[in-house]
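# Remarks on the overall topology
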Amino acid sequence: MGNALGCISTEGVREKTSKHELNLPPLLASFKGRAGLLSSLSSSENKKKKAVSFDGQLDEQALAAALLFNHHQRNNGNSLPFPRSQSVVHPSSGSKKHGLTRSSSSRPRSHSDSLLKRPDQLVNQDLETNRVVLVHGGGFGAWCWYKTIALLEEAGFKADAVDLTGSGIHYSDTNGIRNLAEYVKPLSDIFYKLGEGEKVILVGHDLGGACISYVMELFPSKIAKAVFIAATMLSSGQSALDIFSQQTGFSDLIRQPQTFIYANGKDNPPTAIVIDKALLRDSWFNQSSTKDVALASVSMRPIPFAPVVEKLFLSSNNYGSIQRFYIKTRGDCALHVPLQESMIKSNPPTQVFELKGSDHAPFFSKPQALHKILVEISQVPSKDI
């Protein structure tokens, strides 16, 4: 969300009444059609032998929708619409493999690459945990992690991606979110349900950095490691807005009231930030494929305003007791590298990694390289901080 206000629409923003309307993304509305598309393709191949393959020509938007749809069917049955539960979590599907566009990275292959292809080796290693919880950034949803989920599962991990309140296919209206606690409730619910002694590797992107920081303060004993990917890694007493305001040109953009939604009236603070999807390619996805940009353009939702401005107070006994890792995105036009480095300097993590050639969404532009770093982090020995 770093330069989100540079991607916010200046048209079609209307005042909303205090009675919020259900605001589901187009991705949810298209699930039935996507599922039918997969079925139709299969039938057509059997009858006419058409040279149209799932891996070759079905765009990644349909793949992501199908993955999330299948996750839901396994956990909630075959009925639609989705249940109005307190949280929407997309759990691991075990070892099932999904078609995936391979990274174009030209880096030399290393010894650790063979590990990525052999889940039995990884599972047998003495890892503190093999469960990874993925937290999306502002405007995103669990759908953005579809490549990362597939890669982690193939490597023997259990990967869960969560839809924060009012995000992805979560039923809530973004404008009704009053604080960070409400926004991260689906994530907090995961930790309340963890068994005694069970831990996870917690990964946050963009605004998700503030979200995982909040949870780190609450559940330090249940988090083995925390990973910030081009994320808001706050110091105590800061808000995500404090970080974003350091971005060049931010002050001019935030003065434009038409870029916000005022569901409670213009006399009250904004309730959400509208994303100008026409600018996604240049600002957030400048290294991502056209298909992934298309997926994002039909799936992203407004960003709740209250969690962005809420200040976090983080203690050394809780938040500070967890090993933190930061992954810099070198080609990021949304959360600029100098700003990422400023956060690292102000609040030094255990280790810093760098993704060269990655835009603000490395799960799209550099999925293989991101996966390799996540595996490496999982193998870092635990230690007292």
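Everything that follows concerns the structure shown earlier in this document.
Residues numbered from 1 in each chain as written. Predicted model: local features only at pLDDT ≥ 70, side-chain atom pairs only at ≥ 80, totals over all residues. Heavy atoms only, no water.

## Things to note about the overall build of the chain
- Counting secondary structure elements, the chain contains 18 helices and ten strands.
- Counting only residues that meet the buried cut, the chain has 55% of its 385 residues in that class.
- Sequence-distant contacts in the chain: of pairs separated by 6 or more residues, those separated by 24 or more amount to 78%.
- Summing over all exposed atoms, the chain offers an accessible surface of approximately 16600 Å²; the carbon and sulfur share of this is 49%. (Helix = DSSP H or I, 4+ residues; strand = E, 2+ residues; numbered from the N terminus. Buried < 20%, exposed > 50% of the residue type's maximum accessible area, 1.4 Å probe, protein only. Contact = heavy atoms within 4.5 Å. Areas by Shrake-Rupley, 256 points an atom, 1.4 Å probe, with all protein chains shown as cover.)

## A few points about the environment of leucine 312
- On the secondary structure map, leucine 312 appears in the loop between α15 (306–309) and β9 (323–329).
- As a C-alpha pair, leucine 312 and alanine 210 span 102 residues in sequence and 8.0 Å in three-dimensional space.
- Apart from residues lying up to four places away in sequence, leucine 312 is in contact with Leu180, Ala210, Ser213, Tyr214, Leu234, Ser235, Ser236, Gly237 and Gln238.

## Here we look at the nonpolar core
- Of all hydrophobic cores here, the largest spans 88 residues; its most connected members are Leu202, Phe285, Ile327 and Phe364.
- Discounting chain neighbours no more than four positions away, the residues touching phenylalanine 364 are Trp143, Cys144, Tyr146, Lys147, Phe285, Ser288, Asp292, Leu295 and Ala296. (Core = buried A, V, L, I, M, F, W, Y, C linked by side-chain atoms within 4.5 Å.)

## A few points about the sheet that holds strand β8 (residues 303–304)
- Across the sheet, three strands lie side by side as β6-β7-β8; this open sheet has antiparallel pairing. Edge positions in the sheet fall to β6 (260–261) and β8, since each has one partner strand and no second.
- Pairing of β6 with strand β7 (residues 272–273), which is carried by two bridges, proceeds in the antiparallel orientation. Within the sheet, the bridge partner assigned to isoleucine 261 lies in β7 and is alanine 272. (Pairing = 2+ DSSP bridges.)

## Re the packing of helix α7 (residues 146–154) against helix α18 (residues 367–378)
- Two elements in contact, α7 and α18, have axes whose closest approach is 10 Å; the angle formed by their N-to-C orientations is 50°. Accordingly, the angle class assigned to the pair α7 and α18 is oblique. Judged by the sense of rotation from one axis to the other, the crossing of α7 with α18 is right-handed. In this structure, α7 uses Lys147, Thr148, Leu151 and Leu152 to contact α18, whose residues at the interface are Pro367, Gln368, Leu370, His371 and Leu374.
- Residues that form the contact of α7 with α18 fall into these classes: five nonpolar, three polar and one charged. (Axes fitted to C-alpha atoms, helices over the stretch in contact; angles between N-to-C directions. Parallel < 35°, antiparallel > 145°, perpendicular 65-115°, else oblique. Left-handed = near helix turned anticlockwise from the far one by under 90°. Nonpolar A, V, L, I, M, F, W, Y, C, P; charged D, E, K, R; others polar.)

## Structural notes on the packing of aromatic side chains
- Scanning the model with the defined rule gives 14 aromatic pairs in all.
- Ring centres of phenylalanine 260 and phenylalanine 305 lie 5.6 Å apart, and the angle between their planes is 80°; on these two criteria the pair is classed as edge-to-face. Of this pair, phenylalanine 260 sits in strand β6 while phenylalanine 305 sits in the loop between β8 and α15; the two residues are 45 residues apart in sequence, bridging distant segments of the chain. Note on accessibility: phenylalanine 260 and phenylalanine 305 belong to one class, buried.
- Three or more aromatic residues link up through ring pairs in this structure, and these residues are Phe140, Trp143, Trp145, Tyr146, Trp284, Phe285, Phe363 and Phe364.
- Over the face of the ring belonging to tyrosine 262 we find lysine 266, whose NZ or CZ atom lies 5.4 Å from the ring centre. (Phe/Tyr/Trp six-rings, centres within 6.5 Å; stacked < 30°, edge-to-face > 60°. Lys NZ or Arg CZ within 6 Å of the ring centre and 35° of its normal.)

## So, the pattern of salt bridges
- This structure, assessed with the given rule, holds twelve salt bridges.
- Linking lysine 225 and glutamate 128 is a salt bridge whose minimum nitrogen-to-oxygen distance equals 3.9 Å. Highlighted residues: lysine 225 in strand β5 (residues 223–229) and glutamate 128 in the loop between α6 (119–124) and β2 (131–135), separated in sequence by 97 residues.
- Overall, glutamate 128 belongs to the partly exposed group, its relative accessible area being 35%.
- In this structure, the salt-bridge partner of aspartate 292 is lysine 147, at a minimum N-O distance of 2.8 Å. Residue aspartate 292 is located in helix α14 (residues 290–299), and its partner lysine 147 is located in helix α7; the two are separated by 145 residues in the primary sequence. Like aspartate 292, the residue lysine 147 is buried in the burial classification. (Salt bridge = Lys/Arg side-chain N within 4 Å of Asp/Glu carboxyl O.)

The analysis is restricted to geometry; functional conclusions fall outside its scope.
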